[in-house]
Amino acid sequence: MAEVKDGKGVKLIAFYLPQFHAIPLNDQCWGKGFTEWTNVRKAQALFSGHDQPKIPLDLNYYDLMDDQVKIWQSNLARKYGIFGFCYYHYWFKHGEKLLEKPAEQMLKNKKIEIPFCFCWANENWSKNWDGGDQEIIMEQDYGGKEEWERHFQYLLNFFQDERYITVDGCPLLVVYKPEQMIDIYKMASYFRRRAKEEGFPDLCLAFQFPAYYSDMYYRNDIFDYQIEFEPVYSRNIESQELPGTSRKISLIRKFCGEEMVSFYRKCRKKKGRMYWKKEQSLGMYFYDEIWDLILNAKWKKNFWPGCFVDWDNTPRNKHGVMVSGFSVEKFAEYMKILVQRARKEEKPVIFINAWNEWGEGAFLEPDTRYQYRKLEAIKEALE
């Protein structure tokens, strides 16, 4: 199996978005042929100096239905030191699945050699991510033991693959938002029992989204690990735990199409955050401030550190959120520090956001501006 605790150093696992192929439901809701590239292509610079649109190197607007693309991704990631991909997995009641084909094809094709695991993206499938209405397209419903067994049987096909990522021999399954599962304890217990019955020592469960900490259903005995999902974690958790203005994260608002940089200093002098109406503006955080929180985060025993490349989700929603101040040089330096700390504190894995979140500006894949320099930064940090 693809074991992370093999004593061979820190391993980087990159979150992986499979929405780079057309599916009937997206065709129906957003137009025929819709993929993540649709939003990426139509993105526009909203103010002077705004780095949009993002353009893949050699105009490689790939289709994940092509196995040669997945082989290329696998080889490229491994060449630059990425240990594995964490595929977002979309499963709904009665075995309804979305965007499942890339992972299913990968399972059958051993030429795609990179280790992998799943993150169950357990949300309603809706239109709100792109700034449209709040219409729910496919509702998430977890059901009971019959549904859990159906889901486990599907996952078992992947757990038993030699490329599936394990922790102490236990298949790793990440849950995106456990706070949305009322029966999370019973479901987790059921999955663990079934994993043992299938010959595994146990199931290794981790959760991703930090909102679970503040939820009324939060329990610290369900999951083996918590993942530092960045930049969400630092924006919402770590910055709140660090009093004072020197380490407090700043948020400003830019009115779309107008320069608002003059508000930056005002924001830094305030302990709170400054807001304008979202329909008029986009939110902006600062790269150095978030990375300062990442590099100084509190790492408990069951805490897996994380990081991010860059962030700008305005291709999905022009009134969204971006992080300002990215440079490859900064990213390279911060990654070196993070990897060194992980080695010193014996953390076996770092989760990075992301391999190919082009619509959120969080990607390692080569683009026209930086080419392979982000990947080179990863390789240098690991060396």
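For the structure given in this document, a descriptive report is provided here. In this text, all values refer to a predicted model and were calculated from it rather than measured experimentally. (Residues numbered from 1 in each chain as written. Predicted model: local features only at pLDDT ≥ 70, side-chain atom pairs only at ≥ 80, totals over all residues. Heavy atoms only, no water.)

### Describing unusual backbone geometry
Glu230 connects to Pro231 through a cis peptide bond whose omega is 5°. Among the secondary structure elements, Pro231 is positioned in the loop between strand S11 (225-227) and helix H7 (232-241). Asn353 connects to Ala354 through a cis peptide bond whose omega is 10°. As for its placement among the helices and strands, Ala354 is situated in the loop between strand S17 (349-353) and strand S18 (356-357). Despite not being glycine, Asp168 has its phi angle at roughly 55°, a positive value. Position of Asp168 among the secondary structure elements: in the loop between strand S8 (165-167) and strand S9 (170-175). (Helix = DSSP H or I, 4+ residues; strand = E, 2+ residues; numbered from the N terminus.)

### Here's the deal with the nonpolar core
In a soluble, globular protein the nonpolar side chains are often hidden away together inside. Ile82, Leu172, Trp291, Trp304, Phe331, Met335 and Trp355 are the most contacted members of the largest nonpolar core, which totals 132 residues. If sequence neighbours within four positions are ignored, Trp304 has contacts with Val167, Leu172, Cys204, Ala206, Tyr225, Gln226, Ile227, Glu228, Pro348, Val349 and Phe351. Among the nonpolar cores identified, the runner-up in size contains 7 residues, and Leu46, Phe47, Leu282 and Met284 belong to it. (Core = buried A, V, L, I, M, F, W, Y, C linked by side-chain atoms within 4.5 Å. Buried < 20%, exposed > 50% of the residue type's maximum accessible area, 1.4 Å probe, protein only. Contact = heavy atoms within 4.5 Å.)

### Quick look at helix H6 (residues 184-197)
Compared with an ideal rise of 1.5 Å per residue, which puts 14 residues at 20 Å, H6 spans 20 Å between its outermost C-alpha atoms and is within 8% of the ideal. Restricting attention to buried positions, one finds in H6 the residues Ile184, Met187, Ala188, Tyr190, Phe191, Arg192, Arg194 and Ala195. On its buried side, H6 packs onto strand S5 (116-120), helix H5 (145-159), S9 and strand S10 (204-207). Looking at the residues trailing H6, positive phi occurs at Gly199, about 100°. (Expected span 1.5 Å × (residues − 1).)

### Here's the deal with the pattern of salt bridges
Scanning the entire structure with this criterion turns up 26 salt bridges. Salt-bridge contacts for Asp141 lead to Lys93; the nearest nitrogen and oxygen are separated by 3.7 Å. Placement of the pair is Asp141 in the loop between strand S7 (136-138) and H5 and Lys93 in the loop between strand S3 (82-91) and strand S4 (97-98), with a sequence separation of 48 residues. The closest approach of N and O atoms between Glu149 and Arg194, which form a salt bridge, is 2.8 Å. Taken together, the residues Glu149 in helix H5 and Arg194 in helix H6 connect sequence positions 45 residues apart. Judged by relative accessible area, Glu149 falls into the partly exposed class, the value being 21%. Judged by its relative accessible area of 9%, Arg194 is buried. Residues joined by salt bridges that share partners form a network here, namely Glu149, Arg193, Arg194, Glu197 and Glu198. (Salt bridge = Lys/Arg side-chain N within 4 Å of Asp/Glu carboxyl O.)

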